[in-house]
Amino acid sequence: PSSYWGELIGMLFLQSALGVVFAYIMYFHIVKKRNKKTGESPTQSYIVGFGVVIPLLFTIPFGIITILGIKNTSIMIGASALTLSVPFNCVEALYDTTLEGVEDSFSLYVGYNCSIIPFQRDKEGRPIPTNRVYLQNKFGSILLKLAMTVSIFNVLFAYDYIVFPPPDYSSLLHYLHWAHILNNFTLACLTSVCLDFGSTAIGFIVSLVTGNQTIQFMDNPILLSTSPSDFWGRRWNLMIHKSFKRGIYKPFRKSGYSRVVGAVATFTVSGLMHEYVNLVVSMKARLYPEIALPYTPLWGAHSAFFLWNGGVMVIEYAVLSSPDFRKIASYTPRPLKTLFVLLTVLPVANWFTDEYIRSGFYTDYSEGFPILDHKM
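Residues numbered from 1 in each chain as written. Predicted model: local features only at pLDDT ≥ 70, side-chain atom pairs only at ≥ 80, totals over all residues. Heavy atoms only, no water.

Caption draft 1: Representation of the overall build of the protein. The number of helices and strands found in the protein is 17 helices and zero strands. Taking 376 residues into account, the globule formula puts the C-alpha radius of gyration at 21 Å, and the protein, at 21 Å, falls close to it. Based on the C-alpha atoms only, the size of the protein along its principal axes is roughly 60 × 55 × 45 Å. Every one of the 376 residues in the protein was classed for burial, and the buried ones make up 51%. Accessible area for the protein stands at about 18,000 Å²; split by element, carbon and sulfur atoms hold 67% of it. Looking at charge distribution, the protein has the averaged site of its 29 positive side-chain charges lying 9 Å from that of its 23 negative ones. (Helix = DSSP H or I, 4+ residues; strand = E, 2+ residues; numbered from the N terminus. Rg over C-alpha atoms; globule rule 2.2 N^0.38 Å. Buried < 20%, exposed > 50% of the residue type's maximum accessible area, 1.4 Å probe, protein only. Areas by Shrake-Rupley, 256 points an atom, 1.4 Å probe, with all protein chains shown as cover. Lys, Arg positive; Asp, Glu negative; His and termini not counted. Charge placed at Lys NZ, Arg CZ, Asp CG, Glu CD.)

This is the structure in structure tokens:
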């Protein structure tokens with residue numbers, strides 16, 4: 001486990017160093033060129049953004065993985081950390097939707113782009129300093145999330161990730177089968193705790209190095225969500241949500257599109273970004289076939305998953321526009337709301353998690369944890 005985490009942390013620090021380079025390009029060739037009165041960017045800024053910065057960000061991970069000989073799929077995703085955030089920072093800069101205050105100086109903008117786990121910021125956009133209580137609480141949270149991750153890994157490893165006997169997949173009714181939903185639930189829990197532990201641990205290291213607090217990555221989406229928009233907008237993967245909100249949703253809204261169009265565009269881009277991650281992960285099978293699973297991405301599975309959930313949110317907007325439905329929702333017990341939210345996601349959750357099983361991501365990520373070698 002120690003060698004795994006050392007390699008992952010080294011990769012993330014490399015990503016931070018590259019973030020400084022891209023922050024320089026964007027700050028002096030996009031941010032500083034923008035019209036201060038209208039917030040509009042000149043044509044040359046769009047050429048720099050869409051013609052140079054964003055294409056480079058999507059290309060660099062392939063070179064890093066090849067040159068450094070990275071063989072672990074989860075570290076391959078770490079090599080794509082900048083690609084999952086900075087392109088949206090670039091779009092923010094072009095459309096003047098950047099977080100308040102981060103463009104006030106080059107140093108602030110560098111911190112905004114090179115911190116792998118974003119800083120927690122005050123109303124003026126300044127990073128909030130750490131203190132002893134914060135660090136103690138964060139360390140305690142890491143230990144709790146570590147215990148949860150190890151426990152879930154050990155259980156799912158024993159069953160090859162499929163705890164309950166799968167139903168007959170030849171019928172569409174399998175989406176509603178109890179075993180299918182419970183298997184998806186266990187994998188959703190694994191995905192959640194993996195992301196939460198990793199981001200919290202890395203965020204803790206970032207806080208120690210920089211002296212700044214980092215954002216909370218997850219807010220217990222599986223057990224506390226009260227609506228689809230609450231699940232995706234306020235609890236699941238908050239780092240990516242905030243990047244997409246400022247880099248996709250707000251530019252669409254600023255361009256005159258409706259909330260529904262903005263939401264659909266955001267989920268569409270989210271699906272495409274996950275397809276890109278699958279492309280990166282599939283490099284292991286191409287570069288190292290002797291040790292990798294024979295993985296070819298099922299193109300469109302992740303896009304379908306996010307478009308499904310985007311559609312669910314559109315339906316939510318329509319339903320909650322009715323005062324009667326809002327009144328019913330106000331009287332519905334929270335546990336029932338959470339159950340309803342999960343039932344909108346879990347039937348199709350395997351469209352997302354199956355790719356990570358087939359690519360070996362979960363197995364590779366487990367190298368960072370003590371896992372019992374047994375089958376049940």
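Caption draft 2: Up close: helix α5 (residues 106–114). Summarising burial for α5: seven of the nine residues are buried, a large majority. Contact partners of the buried residues in α5: α1 (2–31), α4 (86–95) and α10 (238–254). (Contact = heavy atoms within 4.5 Å.)

Caption draft 3: How the structure looks around a nonpolar patch on the surface. On the surface, Ile315, Val319, Leu320, Phe325 and Ile328 cluster together to form a nonpolar patch covering roughly 430 Å² of accessible area. At the level of elements, α13 (301–320) and α14 (323–331) are the ones that each hand at least two residues to the nonpolar patch. At three residues, α13 tops the list of elements feeding residues into the nonpolar patch. Counting through the fold element by element, Val319 comes out in helix α13. (Patch = residues over 30% accessible without salt bridge, like charges linked within 9 Å, V, L, I, M, F, W, Y side chains within 5 Å. Salt bridge = Lys/Arg side-chain N within 4 Å of Asp/Glu carboxyl O.)

Caption draft 4: How the structure looks around the pattern of salt bridges. For the structure on display, the rule yields ten salt bridges. Arg34 is the partner of Asp96 in a salt bridge, and the nearest nitrogen-oxygen pair spans 3.2 Å. A residue pair is termed long-range when its members are at least 10 positions apart, and Asp96 in the loop between α4 and α5 and Arg34 in the loop between α1 and α2 (43–68) qualify at 62 residues. Residues participating in the shared-partner salt-bridge network are Asp219, Asp230, Arg234 and Arg235.

Purely geometric numbers; function is a separate question.
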